[in-house]
Amino acid sequence: RGPGRGSSTGWIAAPPQAKNMIAATDAPPTAIVPAEQAMEDEAEDMQDDSFTVTGELRAHGVQQADIVRLERAGYTTVELIASATTKQLAEIKGISHDRVKFIREKSLVIDPASQTTFRSALEVRAIRAATPKITTGASALDRLIGGGIEAGTITEIYGDSGSGKTQLALALCVKAQLATDNGGAAGRVLFIDTDDTFRTERVQEIAEASGVDAEQCMHNIRSTRAANFEMQCVALKAAANELADAAEGEYRLVVVDCVMAHLRAEYSGRGDLSERQQTLNSYLSELKKLARAFKVAVVVTNQVMAIPDQFSLGGPQVKSCGGPVMAHNTNTKIFLKKAGRNQKKAVLQHSPFMPYGDCLFSITAAGIVDAVDG
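Residues numbered from 1 in each chain as written. Predicted model: local features only at pLDDT ≥ 70, side-chain atom pairs only at ≥ 80, totals over all residues. Heavy atoms only, no water.

Caption draft 1: View of the sheet that holds strand β10 (residues 332–338). Taken in spatial order, the nine strands make up an open sheet running β5-β4-β6-β7-β3-β10-β11-β12-β13, and their pairing is mixed. In this open sheet, the two edge strands, each paired with only one partner strand, are β5 (221–225) and β13 (367–370). Looking at each pair of strands side by side, their axes are set apart by 25 degrees on average, direction ignored. In the sheet, strand β11 (residues 344–350) pairs with strand β12 (residues 357–364) via five bridges, with the strands oriented antiparallel. Along β12, the bridge assignment pairs K344 with F361. Contacting β4 (188–193), β5 and β6 (251–257), helix α12 (residues 229–244) runs over the sheet at an angle of about 170 degrees to β4. (Pairing = 2+ DSSP bridges. Helix = DSSP H or I, 4+ residues; strand = E, 2+ residues; numbered from the N terminus. Axes fitted to C-alpha atoms, helices over the stretch in contact; angles between N-to-C directions. Contact = heavy atoms within 4.5 Å.)

Caption draft 2: Quick look at the packing of aromatic side chains. Evaluated as defined, the whole model comprises three aromatic pairs. Ring centres 5.5 Å apart and planes at 55 degrees place the aromatic pair F229 and Y283 in the tilted group. Note that F229 is positioned in helix α12 and Y283 in helix α14 (residues 273–294), a separation of 54 residues in sequence. Take F229 and Y283: they sit in the same class, and that class is buried. Across from the ring centre of F353, 5.2 Å away, lies the NZ or CZ of R128, which sits over that ring. (Phe/Tyr/Trp six-rings, centres within 6.5 Å; stacked < 30°, edge-to-face > 60°. Buried < 20%, exposed > 50% of the residue type's maximum accessible area, 1.4 Å probe, protein only. Lys NZ or Arg CZ within 6 Å of the ring centre and 35° of its normal.)

Caption draft 3: A look at α14. Given a rise of 1.5 Å per residue, 22 residues ought to cover 32 Å, and the 32 Å separating the end C-alpha atoms of α14 matches this to within 8%. Along α14, the residues that are buried comprise R276, Q277, L280, Y283, L284, L287, K289, L290, A291, A293 and F294. Within two residues after α14, K295 carries a phi angle of roughly 55 degrees, on the positive side. (Expected span 1.5 Å × (residues − 1).)

Caption draft 4: Region of interest: the pattern of salt bridges. Per the counting criterion, the structure on display carries 10 salt bridges. As a salt-bridge pair, K333 and E156 come within 2.6 Å of each other at their nearest N and O atoms. One end of the pair, K333, is in strand β10; the other, E156, is in strand β3 (residues 154–159), and 177 residues separate them in sequence. Note that E250 and R252 form a salt bridge whose closest N and O atoms lie 2.5 Å from each other. (Salt bridge = Lys/Arg side-chain N within 4 Å of Asp/Glu carboxyl O.)

Caption draft 5: Here's a closer look at the pairing of β5. Extensive coverage of β5 is indicated by the burial of four of its five residues. Two elements, β4 and β5, share five bridges in a ladder whose sense is parallel. Within β5, the position partnered with V189 by the bridge is I221.

Caption draft 6: Spotlight on the packing of α12 against α14. Between α12 and α14, the shortest axis-to-axis distance is 11 Å and the interhelical angle comes to 10 degrees. Considered as vectors, α12 and α14 are oriented roughly parallel to each other. Between α12 and α14 the crossing geometry is left-handed. Residue-level inspection shows F229, Q232, C233, L236, A239, A240, L243 and A244 of α12 in contact with α14, the latter providing T279, Y283, E286, L287, L290 and F294. Of the residues belonging to the contact of α12 with α14, the class tally is 11 nonpolar, two polar and one charged. (Parallel < 35°, antiparallel > 145°, perpendicular 65-115°, else oblique. Left-handed = near helix turned anticlockwise from the far one by under 90°. Nonpolar A, V, L, I, M, F, W, Y, C, P; charged D, E, K, R; others polar.)

Caption draft 7: The arrangement of the environment of H262 in detail. Within the secondary structure, H262 is located in helix α13 (residues 261–266). The class for H262 is buried, based on a relative accessible area of 10%. Distance in space between the C-alpha atoms of H262 and D195 is 8.7 Å, their sequence separation being 67 residues. A polar contact is formed between the side chain of H262 and the backbone oxygen of T194, at a distance of 3.4 Å. Side-chain polar atoms of H262 contact the backbone oxygen of A226, separated by 2.7 Å. (Polar contact = N/O pair within 3.5 Å; in protein donor to acceptor, adjacent residues only side chain to side chain.)

And the structure:
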């Protein structure tokens, strides 16, 4: 990690050479996957430990060609391999069933934590106490959700248009890079943009208003534009490779804005509902694996849908899209809505350890702040 972590601004120091941002105009990540014939040649050349999984598995007798296949399929850490099912690994082209069993056995040897073990509540408490939490920028909102956005979990933020979902997501992109003693996680950020909402101008504004280096901030955020759900899935697979590459500092936040936009458009009929929910379940399951394996906070924004025949004085009632599948795959659920000219309301609807509650906040040039009058 760069030497700037302990500086007054809390930033990770800028590396000597910046990587290019992933752009919408880049070739799709699938283009980097070589043909089967070329894979064998590439395996002979890949003798470095550029990914966490490479050296460890090779030392335990796993063939280099299989390691390349695993990495291309998004299995870039031993923990990801150990947490995958035999069926999932067997779907990787070129790896036989016997070699899959061998690879899984070796991954459990390398990573005993992935085996079924029991810990005392005291041990679990110590682990949780060391888990980073990212401040939202508003102390009331932080208190509502138990101290901030927690690493290793998925937080769903949903609400109507203009409720502040993307604004909160962009603010977290800045806050995640702060030092831990400043409410951050001292890490980099991945942003999967499905709604064309990622705005560098806004990131720069939040960074400058917060008194931090905007250029360094934007360098530490890598974004990609997903124009359909297939590209959204490709981006998630590419994210596993990005997260495994800690050469310029570890990642601490992954944002998907918005998780349901393409699914709603591409699976619009009643007859598509079952397939849509199965597809969503698979996608969220992969997100959970990344959150746990890389100990990153995952934030997904979501749209709303009206609840038929349910109205109140404020108009029709709404709920988040995705139904029970979304609810069962996320750890924390936050509903945002407008509450006045300069205020928004956050409602904590689900948390593993915090009670139902709500608070007010405002959106300013500095991002998310405690509610201001006006």
